[in-house]
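Each chain, letter by letter, is given below.
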Amino acid sequence: MRDTASIPTTSPRSAGAPSSSSPTGAIRTLGANPATAPIVLHPGDAIGAGRRVVYIILLGALTALGPFTIDLYLPAFPVLQQDFHTTAAAIQLTLTGTMIGFALGQLIVGPLSDKVGRRRPLLAVTALHVIASVGAALAPDLTLLAVARVLMGMGAAAGGVVAMAIVRDLFGGRRLVVMLSRLALVSGVAPVIAPLIGSALLAVMPWRGIFVVLAVYGFVMLVSAIALVPETLPKARRGAAGGATVLQRYRSVFSDRVFIGVLIIGGMTFSGLFSYLSSSSFLFQEGYGFDAQQYGMLFAVNSLGVVLGVQTASRLAARFGPQWVLAFSTAVLVLASLAIIVFDQLGLGLWPTMAALFVFMTACGFTFPCVQVLALDRHGAAAGTAASIIGACNFGVAGLISPIVGWIARDAGITATTMASVMVGCAVIGCLSLWLIVRPRTVERLAP
């Protein structure tokens, strides 16, 4: 495996030339005329397009492990409720446990990766995921399934945190926007297409088979990480991010007002998304009469909205600034979730509700990459810690908020109105955080 120092630092104009680095970390490739040689501000600037594609695919697959772990079994909720003879709220608590485990795992892995490097925490925690997935497949009762799901969440935590930290190790400025937008595309689309894949799996296997598939996925990621993921954090930078201790690293990011603001925006956006995901299987399969395959197709359609949002946001953020993209997307989140309630109360039926959900998912796609860019661009020296806080907030807060839908609907059942009520509250809090805490006019433009 190669360290950052072994990543090529040549450019097309000076291939094969030696290089020198400055105290600021910029690298100058030395050709025939060193005075005019290009400066590479970040190690990843010298990586070829082909290798960047490899990084995107591999890091994207690692990032997707978390959302797939959380969402692949959503279509099985009604079946789980019948098999374990329990309530919908109890089944939703297994989802809550998974997301809380995912959040705790990220809080451990992120600072640890700043201290000891990226590879070792990634390998150890991914191995835990494989073991816990096998345990979930064999769980004889709901309690043991819930415990296994918490451990699965912790085991899946490393992929997203380490992937974002590696990207921040290698890139900065507008190229960071592009690379993070690709990861945001995965993290935004994966929760949406996972139930589609889960529905297809349920057509050919019992619900326990879904956890066997997750165990195989985790094992493939473990082997791939061993073989292909390099160590991108040089020894000289380990333990030096924001201070010598974990507490100092956390203090360095939590003292940043903009980071706090986008953290709230990200957490509220994910909470609105997962309020929809955790309740949609009951709403559409029991309320609207969808079967598992039709329910999966609903997610496939919504995934197109996330893709559209992420890809458009990456271009607009580089041109206008991610803070102004967030100004648009947070407002749309509020309006779309309000529209779901209005359409349901007017009795307009399925299609208007689905259209408003598509708009909501598209606005989520606009939001995710902008949150990551604003948070990580400001904290390159503590990328692992910052990434872990983002992930922990997103999934931890979402895990706590999403069961509220089931609690509100405990007597009358889940409806579009009860689902969207939580989505509206989350969207409003995110919108207020942007204008009262982040304050877009005070945020500097991204560096080239």
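Residues numbered from 1 in each chain as written. Predicted model: local features only at pLDDT ≥ 70, side-chain atom pairs only at ≥ 80, totals over all residues. Heavy atoms only, no water.

Side note on the overall build of the protein chain
Looking only at helices and strands, one finds 16 helices and three strands in the protein chain. Taking all 448 residues of the protein chain together, 59% fall into the buried category. Look at the contacts in the protein chain between residues 6 or more apart in sequence, and 80% of them connect residues 24 or more apart. (Helix = DSSP H or I, 4+ residues; strand = E, 2+ residues; numbered from the N terminus. Buried < 20%, exposed > 50% of the residue type's maximum accessible area, 1.4 Å probe, protein only. Contact = heavy atoms within 4.5 Å.)

Some thoughts on the packing of helix 12 (residues 322–345) against helix 13 (residues 350–376)
In the contact formed by helix 12 and helix 13, the axes pass within 8 Å of each other and the chain directions differ by 155°. Relative to helix 13, the element helix 12 lies roughly antiparallel. Helix-helix and strand crossings are classified by hand; for helix 12 and helix 13 the assignment is left-handed. (Axes fitted to C-alpha atoms, helices over the stretch in contact; angles between N-to-C directions. Parallel < 35°, antiparallel > 145°, perpendicular 65-115°, else oblique. Left-handed = near helix turned anticlockwise from the far one by under 90°.)

Brief notes about the nonpolar core
In terms of nonpolar packing, the biggest core is built from 79 residues, with Leu145, Phe211, Phe274, Tyr276 and Phe284 touching the most fellow members. Formed by 52 residues, the second largest nonpolar core is a distinct cluster that contains Val109, Met221, Ala375 and Leu376. (Core = buried A, V, L, I, M, F, W, Y, C linked by side-chain atoms within 4.5 Å.)

Observations concerning the packing of helix 3 (residues 88–116) against helix 5 (residues 142–155)
Taken N-terminus to C-terminus, the directions of helix 3 and helix 5 make an angle of 30°; their axes are 6 Å apart at the nearest point. When the axis of helix 3 is compared with that of helix 5, the two are roughly parallel. You can see that helix 3 and helix 5 cross each other, and the crossing is right-handed. For the pair helix 3 and helix 5, contact is made by Ala90, Ile91, Thr94, Gly97, Thr98, Gly101, Phe102, Gly105 and Ile108 and by Leu142, Ala146, Arg149, Val150, Gly153 and Met154, respectively. Residue composition of the contact of helix 3 with helix 5, by class: eight nonpolar, six polar and one charged. (Nonpolar A, V, L, I, M, F, W, Y, C, P; charged D, E, K, R; others polar.)

Topic: helix 8 (residues 207–228)
Compared with the 32 Å implied by 1.5 Å per residue over 22 residues, the 32 Å span of helix 8 between its first and last C-alpha is a close match. Buried within helix 8 are the following residues: Trp207, Gly209, Ile210, Phe211, Leu214, Ala215, Gly218, Met221, Leu222, Ser224 and Ala225. (Expected span 1.5 Å × (residues − 1).)

Some points on a nonpolar patch on the surface
Taken together, the side chains of Leu316, Phe320, Trp324, Val428, Leu432, Trp435 and Leu436 define a hydrophobic patch exposed on the protein surface, amounting to about 630 Å² of accessible area. Elements supplying a minimum of two residues to the nonpolar patch: helix 11 (292–320) and helix 16 (416–438). Sort the elements by how many residues they give to the nonpolar patch and helix 16 lands first, with four residues. Locating tryptophan 435 in the fold gives a position in helix 16. (Patch = residues over 30% accessible without salt bridge, like charges linked within 9 Å, V, L, I, M, F, W, Y side chains within 5 Å. Areas by Shrake-Rupley, 256 points an atom, 1.4 Å probe, with all protein chains shown as cover. Salt bridge = Lys/Arg side-chain N within 4 Å of Asp/Glu carboxyl O.)

Let's talk about empty space enclosed by the protein
If you walk through the whole model with that rule in mind, you get two cavities of 30 Å³ or more. There is about 50 Å³ of room inside the second largest cavity. Every residue along the wall of the second largest cavity is listed here: Ile265, Met268, Thr269, Gly272, Thr330, Leu333, Phe360, Met423, Cys426, Ala427 and Gly430. At the level of elements, helix 10 (257–287), helix 12 and helix 16 are the ones that each hand at least two residues to the lining of the second largest cavity. Here the lining of the second largest cavity is built from residues that sort into seven nonpolar, four polar and no charged. (1 Å grid on protein atoms, 1.4 Å probe; cavity = no way out; pocket = protein on both sides within 12 Å on 5 of 7 lines; lining within 4 Å. Points joined across faces, edges and corners; volume = space filled by probe spheres on them.)

Some remarks on the packing of aromatic side chains
Enumeration according to the criterion identifies 12 aromatic pairs in this entry. When the ring of tyrosine 73 is compared with that of phenylalanine 77, the centres are 5.1 Å apart and the planes differ by 80°; the resulting orientation is edge-to-face. Connected via pairs of aromatic rings, a cluster forms that spans Tyr73, Phe77, Phe84, Trp207 and Phe211. (Phe/Tyr/Trp six-rings, centres within 6.5 Å; stacked < 30°, edge-to-face > 60°.)

A look at unusual backbone geometry
Despite not being glycine, histidine 85 has its phi angle at roughly 50°, a positive value. Along the polypeptide, histidine 85 turns up in the loop between helix 2 (77–84) and helix 3. A positive phi is found at arginine 439, a non-glycine position, where the angle reads about 55°. Examined against the element boundaries, arginine 439 turns out to sit in the segment after helix 16.

Regarding the environment of glutamine 92
Note that glutamine 92 resides in helix 3. Under the relative-accessibility criterion, glutamine 92 is labelled buried at 2%. A sequence separation of 307 residues divides glutamine 92 from glycine 399, and the C-alpha atoms of the two residues are 9.5 Å apart.

Observations regarding the environment of glycine 267
Mapped onto the secondary structure, glycine 267 falls in helix 10. A residue is classified by how much of its surface remains accessible, and glycine 267, at 1% relative accessible area, is buried. Sequence-distant contacts of glycine 267, defined by excluding residues within four places in its chain, comprise Cys393, Asn394 and Val397.

Observations concerning the confidence of the model for the protein chain
As a general rule, the predicted coordinates of low-pLDDT regions are not to be interpreted in detail. Mean pLDDT over the protein chain stands at 78; residues scoring 70 or higher make up 81%. The secondary-structure element of the protein chain with the lowest mean pLDDT is strand 2 (residues 27–29), recorded at 37, while helix 12 shows the highest, at 94. (pLDDT = per-residue confidence, 0-100.)

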